[in-house]
Amino acid sequence: MESNKLDEWFEFEVLPLEAALIRFLRRNRRQEDDVADLLQEVYVRLYESAAKRMPEMVKPFVFATARNLLIDLARRAQVVSIEAYADLDILDVSSDELTPERHATGHQELRLLQQAMDMLPARCREVVQLRKIDDMSQRDVALYMGITEDTVEKQISKGMRVLASSLLVKGVTVGVTKLSLKIRKKDDSV
């Protein structure tokens, strides 16, 4: 890629993200004096990578690069503190590769979700399907089904509570734990 176009891309697409990138680095790195060096290293990686192939989505590319740099630094450290392990949990350092195990686990979780959906009452299942899977707005679901928006909201709440509970009982916790905590707090307050 031409140097001018690359410089222009960097100036107009990457540099406006600098404040958010600095906040991200500060939040995920204990040594404050490292942030400026880390920022420069992220910029070098971004520039070199974009010179080979321009990313389609800039913001996710920038933050994935920063995340990968932090992971690399943690891996290289000879002595890793407990705090570094806590940071890696926040960063979700799990591999982005689709391994056979992840593929099988994903299929199993989808089967469990389908079983849980099948247990919902028909109207509740249809509301959840339209709202959460088909991504229809609450108003559109209400109009489509001939019910009030309040009913849609109640059915979503009921359906998501049942789904979360069912999946937790079966051991599916990824992405469901936060929802279940919210549901429990809501149930406790009632």
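Preceding block: the structure.
Presented here is an overview of the structure given in this document. From a predicted model like this one, the values you see are computed outputs, not experimental measurements. (Residues numbered from 1 in each chain as written. Predicted model: local features only at pLDDT ≥ 70, side-chain atom pairs only at ≥ 80, totals over all residues. Heavy atoms only, no water.)

## Some thoughts on the overall build of the chain
Step number 1: Broken down by element type, the chain carries 10 helices and 0 strands.
Step number 2: Starting at the N terminus, the α and β elements of the chain follow one another as α-α-α-α-α-α-α-α-α-α.
Step number 3: Here the chain holds 190 residues, and the buried ones make up 29% of them.
Step number 4: When the accessible area of the chain is evaluated, it comes to approximately 13,200 Å², of which 53% is carbon and sulfur surface. (Helix = DSSP H or I, 4+ residues; strand = E, 2+ residues; numbered from the N terminus. Buried < 20%, exposed > 50% of the residue type's maximum accessible area, 1.4 Å probe, protein only. Areas by Shrake-Rupley, 256 points an atom, 1.4 Å probe, with all protein chains shown as cover.)

## Comments concerning the packing of aromatic side chains
Step number 1: According to the stated counting rule, one finds 4 aromatic pairs in the structure shown.
Step number 2: Between the aromatic rings of Phe24 and Phe63, the centroid separation amounts to 5.6 Å while the plane-to-plane angle is 85°, which identifies the pairing as edge-to-face. Of this pair, Phe24 sits in helix 2 (residues 18-28) while Phe63 is found in helix 4 (residues 58-76), placing the two residues 39 residues apart along the sequence. Here Phe24 matches Phe63 in class, with each residue buried.
Step number 3: Following the ring pairs from residue to residue traces out a cluster consisting of Trp9, Phe10, Tyr43 and Tyr47. (Phe/Tyr/Trp six-rings, centres within 6.5 Å; stacked < 30°, edge-to-face > 60°.)

## Brief notes about the side chain of Arg67
Step number 1: Summarising the element assignment, Arg67 is placed in helix 4.
Step number 2: For Arg67, a relative accessible area of 15% puts it in the buried group.

## Focus on unusual backbone geometry
Step number 1: Of note in the backbone geometry, Asp135 takes a positive phi value of approximately 60° without being a glycine.
Step number 2: Given a relative accessible area of 63%, Asp135 falls into the exposed group.

## As for the packing of helix 2 against helix 3 (residues 34-52)
Step number 1: Orientation of helix 2 relative to helix 3, taken along the N-to-C sense of each, is 125°, at an axis distance of 10 Å. By the angle between their directions, the pair helix 2 and helix 3 is classed as oblique. Every pair of crossing elements has a handedness; the one defined by helix 2 and helix 3 is right-handed. Taking contact as the criterion, the partners of Glu18, Leu21, Ile22, Leu25 and Arg26 in helix 2 are, on helix 3, Val35, Leu38, Leu39, Val42 and Tyr43.
Step number 2: Of the residues contributing to the contact of helix 2 with helix 3, the split by class is 8 nonpolar, no polar and 2 charged. (Axes fitted to C-alpha atoms, helices over the stretch in contact; angles between N-to-C directions. Parallel < 35°, antiparallel > 145°, perpendicular 65-115°, else oblique. Left-handed = near helix turned anticlockwise from the far one by under 90°. Contact = heavy atoms within 4.5 Å. Nonpolar A, V, L, I, M, F, W, Y, C, P; charged D, E, K, R; others polar.)

Honestly, it's all geometry; don't read function into it.
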